[in-house]
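# Tertiary structure, described
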Amino acid sequence: MSNDNYPPEEEELQGPVPEPENPLGGPVADGDLAVGRGEGVGQAQEVQGLTQGQIVFARFVRHRGAMAGLIILVLIALLAITSMGIGPIRGWWKYQDYLASGTPVNGGAPTMTLPQWLGGPGFAIGDHPFGQDSLGSDNFALVMKGVQTSLFVMVILGLVALIIGVVVGALAGYYRGTVDTFLMRFTDLVITLPVIVLGAVLGRLVNTLPIKLGATQQTIDALTNNMPALLAIALGMILWPSLARLVRGEFLTLREREFVDSARVAGASDWRIITKHMLPNSIGVIIVNTTLLMSAAVVLETALSFLGFGINRPNISLGFLINTYQGAFATRPWLFWWPGLFIILIALSVNFIGDGLRDAFDPRTRKIPSQRKMDKAAVQLEKEAVK
């Protein structure tokens, strides 16, 4: 029987499927021909051939706020460290003894003047660019030493909270069961404690307890000189719960993934699974939240020192300076302005860096282009297609 009455095959009716053409030229990658305003438009070309670290770095560099915050924070740290030195290394500022007194010049007013294009007589630093207090102490040296102390407390506090939070969260999320219940109930207990009150109590105990216990003067001096480190460790031991809960949530999700099951079947130990497989996949959450925690640490240390429960002489912090000179706000406002300005700059810079890291590690937070930018991109694509 003849097959002439039967319909042809589907391929013969439709013919070969044409290959899609890329208006930009070159091979077509996933997402090149996508339309709309979704976050997946053109992402394949953007990350093609890059490692995860390179992708995160590229996204972070494109975040204007994060880069501005990073530049400002680096400049502040360099100014504070190079001007007053660190440890046995002396700085370039001539008043290295920030506690030394002298004779106030011109009523202690700042000697720094604005350039002519800002309406000033010409830019000049002078001997006391930030002014002097009533005792003749150089305010620039005091502020720079306070910046060093505040940055030191921020870093130490962040490291302590990072270690405790990651350990508690990782153990609770990986083992679950009784371990998870015990650790999370302990975490909830620490969260309920008022941070300001507890920090004030710990700060006061560090200052007064050695005296009440009859410690030697050498021990008291050592504790007093190391007060910034002790305060940072104490605050870090009460600020870790938020990070622990986030890490626990990440580990609860990761422990059900296939690569964890494969490592467990292959005979990997719990320590190797946690450190080599699960922890690297949680690094984004850990870094972002540690950065934001460090930003809160700057404000917290300032609040405690302002209330008189934090850092005291011979150590200097920005909060201590604000507390010391709050009575001079009406007569010598520059003594109050400069510490406040640096507190705001440091806190905002670290916050912007944290926002940039969050956007870099989490592609779901990518900014959707505006309609105007999409229209301009469409016009550009049409011009490229015509060429």
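This is a predicted model, so every value here is computed, not measured. (Residues numbered from 1 in each chain as written. Predicted model: local features only at pLDDT ≥ 70, side-chain atom pairs only at ≥ 80, totals over all residues. Heavy atoms only, no water.)

## Observations regarding the overall build of the chain
- Each helix and strand in the chain was counted, giving 16 helices and 0 strands.
- By residue count, 36% of the 387 residues in the chain fall in the buried class.
- For the chain, contacts bridging at least 24 residues in sequence account for 68% of all contacts bridging at least 6.
- Carbon and sulfur atoms make up 64% of the accessible area of the chain, which totals about 22,600 Å². (Helix = DSSP H or I, 4+ residues; strand = E, 2+ residues; numbered from the N terminus. Buried < 20%, exposed > 50% of the residue type's maximum accessible area, 1.4 Å probe, protein only. Contact = heavy atoms within 4.5 Å. Areas by Shrake-Rupley, 256 points an atom, 1.4 Å probe, with all protein chains shown as cover.)

## Overview of the packing of helix H5 (residues 139-175) against helix H10 (residues 241-254)
- It is the contact of H5 with H10, at a shortest axis distance of 7 Å, that shows an interaxial angle of 35°. Of the two possible hands of crossing, H5 and H10 adopt the one that is right-handed. For the pair H5 and H10, the contacting residues are Ala161, Leu162, Gly165, Val166, Val168, Gly169, Ala170, Ala172, Gly173 and Tyr174 in the first and Leu243, Ala244, Val247, Arg248, Phe251 and Leu252 in the second.
- A breakdown of the residues in the contact of H5 with H10 according to their chemical character gives 12 nonpolar, 3 polar and 1 charged. (Axes fitted to C-alpha atoms, helices over the stretch in contact; angles between N-to-C directions. Left-handed = near helix turned anticlockwise from the far one by under 90°. Nonpolar A, V, L, I, M, F, W, Y, C, P; charged D, E, K, R; others polar.)

## Looking at a nonpolar patch on the surface
- Side chains of Ile196, Val197, Val201, Leu205, Leu209, Leu213, Phe306 and Leu307 sit close together on the surface and give an oily, nonpolar patch of about 690 Å² of accessible area.
- For the nonpolar patch, the elements supplying multiple residues, two or more each, are helix H7 (195-212) and helix H13 (283-307).
- For the nonpolar patch, the element with the most residues is H7, which contributes 5 residues.
- Tracing the backbone through its elements, the reader meets isoleucine 196 in helix H7.
- Residue isoleucine 196 is classed as partly exposed on the basis of its relative accessible area of 37%. (Patch = residues over 30% accessible without salt bridge, like charges linked within 9 Å, V, L, I, M, F, W, Y side chains within 5 Å. Salt bridge = Lys/Arg side-chain N within 4 Å of Asp/Glu carboxyl O.)

## A closer look at unusual backbone geometry
- Unusually for a residue other than glycine, arginine 176 sits at a positive phi of about 50°.
- You can see arginine 176 is positioned in the loop between H5 and helix H6 (177-192).
- For arginine 176, a relative accessible area of 38% gives the class partly exposed.

## Considering the packing of aromatic side chains
- Scanning the model with the defined rule gives 9 aromatic pairs in all.
- For the ring pair tryptophan 92 and phenylalanine 140, a centre distance of 6.4 Å and an interplane angle of 45° mean the geometry is tilted. Placement of tryptophan 92 in the loop between helix H4 (64-84) and H5 and of phenylalanine 140 in helix H5 is noted, with a sequence separation of 48 residues between them.
- The class for phenylalanine 140 is buried, based on a relative accessible area of 6%.
- With a centroid separation of 5.0 Å and 65° between ring planes, the pair formed by phenylalanine 130 and phenylalanine 140 is classed as edge-to-face. A residue pair is termed long-range when its members are at least 10 positions apart, and phenylalanine 130 in the loop between H4 and H5 and phenylalanine 140 in helix H5 qualify at 10 residues.
- A residue is classified by how much of its surface remains accessible, and phenylalanine 130, at 6% relative accessible area, is buried. (Phe/Tyr/Trp six-rings, centres within 6.5 Å; stacked < 30°, edge-to-face > 60°.)

## Structural notes on the environment of alanine 100
- Tracing the sequence through the fold places alanine 100 in the loop between H4 and H5.
- You can call alanine 100 partly exposed: its relative accessible area is 32%.
- Between the C-alpha atoms of alanine 100 and glycine 136, which are 36 residues apart in sequence, the distance is 8.0 Å.

## Description of the pattern of salt bridges
- This structure, assessed with the given rule, holds 7 salt bridges.
- Residues arginine 255 and glutamate 256 are paired through a salt bridge, measuring 3.3 Å at the closest nitrogen-oxygen approach.
- Take arginine 255: its relative accessible area is 14%, and that puts it in the buried class.
- Owing to a relative accessible area of 47%, glutamate 256 belongs among the partly exposed residues under this scheme.
- Salt bridges linked by common partners bring Arg176, Arg255 and Glu256 together as one network.

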